[in-house]
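# Close look at the chain arrangement
These are the residues of each chain, in order.
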Amino acid sequence: MATVSDGRLDPAAMQRPSAEARPVEAIIGAHIAKRALFVAPPLILLFGVLDGWLGAVSAAAGVAIVAANFILGGWILATAAAVSLTLYHAAALFGFFIRLGLITLAMVLIVSVTDIDRLAMGVSAVISYLVLLSLEAVAVAKGAERELEWTN
């Protein structure tokens, strides 16, 4: 964010696109979705053992919904950053609530259309959301995401 020489925020900076040319948020969303491939099998196996095929399919649906949510969130933020910092802030705040609503809507639609284990899908969604978010935070903090290096 650009500041004036005396340390104040430059109001015009809020109306300009991000100086970062790469869609960093979309890259992070893709990384999170890739990590879902490691998070999903234990959840699918656990609920498959507990509830059979129905539990396994339900767990897979929960993880898939969360992975799609992270990809959508990254795309929304990257698109907003290309327009202006003000729009980016609005997309971050309101987009989070909209995406939580979309998760809920997707789960309600799936439950209404097909026979699915609600508990397995819901627990898998919550666990995968928290685990994927934590794994990405640790990876970024450790510098494991080389294409996100701002010093390149």
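Rules used throughout
Residues numbered from 1 in each chain as written. Predicted model: local features only at pLDDT ≥ 70, side-chain atom pairs only at ≥ 80, totals over all residues. Heavy atoms only, no water. Helix = DSSP H or I, 4+ residues; strand = E, 2+ residues; numbered from the N terminus. Buried < 20%, exposed > 50% of the residue type's maximum accessible area, 1.4 Å probe, protein only. Areas by Shrake-Rupley, 256 points an atom, 1.4 Å probe, with all protein chains shown as cover. Contact = heavy atoms within 4.5 Å. Polar contact = N/O pair within 3.5 Å; in protein donor to acceptor, adjacent residues only side chain to side chain. Phe/Tyr/Trp six-rings, centres within 6.5 Å; stacked < 30°, edge-to-face > 60°. Axes fitted to C-alpha atoms, helices over the stretch in contact; angles between N-to-C directions. Parallel < 35°, antiparallel > 145°, perpendicular 65-115°, else oblique. Left-handed = near helix turned anticlockwise from the far one by under 90°. Nonpolar A, V, L, I, M, F, W, Y, C, P; charged D, E, K, R; others polar. Salt bridge = Lys/Arg side-chain N within 4 Å of Asp/Glu carboxyl O.

Counting its secondary structure elements, the protein contains three helices and zero strands. Start at the N end of the protein and walk to the C end: the helices and strands fall as α-α-α. Within the protein, buried positions represent 35% of all 152 residues. Roughly 9,100 Å² of accessible area belongs to the protein as shown, and the carbon and sulfur atoms make up 73% of that amount.

Our focus in this paragraph is the environment of Glu25. Within the element layout of this structure, Glu25 appears in helix H1 (residues 24-81). Taking the C-alpha atoms as reference points, Glu25 and Ile76, 51 residues apart in sequence, are found 8.4 Å from one another. Discounting residues that sit within four places of it in the chain, Glu25 has contacts with Gly74, Leu77, Ala78, Ala81 and Tyr88. Reaching out from Glu25, the side chain makes a polar contact with the side chain of Tyr88 at a distance of 3.2 Å.

Attention shifts here to the packing of aromatic side chains. Here the structure, examined in full by the defined rule, presents two aromatic pairs. Where Phe96 meets Phe97, the ring centres are 5.5 Å apart and the plane angle is 70°; that geometry is what we call edge-to-face.

Two elements in contact, H1 and helix H2 (residues 85-113), have axes whose closest approach is 12 Å; the angle formed by their N-to-C orientations is 155°. Classified by the interaxial angle, the pair formed by H1 and H2 is roughly antiparallel. Considering how the two elements wind past one another, H1 and H2 form a crossing that is right-handed. Only Leu87, Tyr88, Ala91, Ala92, Arg99, Leu102, Ile103, Ala106, Met107 and Ile110 of H2 make contact with H1, whose side of the interface consists of Glu25, Ile65, Asn69, Leu72, Gly73, Ile76, Leu77, Ala80 and Ala81. Its residues placed into classes, the contact of H1 with H2 shows 15 nonpolar, two polar and two charged.

Here we take up the pattern of salt bridges. Counted under the stated rule, the structure contains one salt bridge. A salt bridge links Glu136 to Arg35; its shortest N-O distance comes to 2.3 Å. Of this pair, Glu136 sits in helix H3 (residues 118-142) while Arg35 is found in helix H1, placing the two residues 101 residues apart along the sequence.

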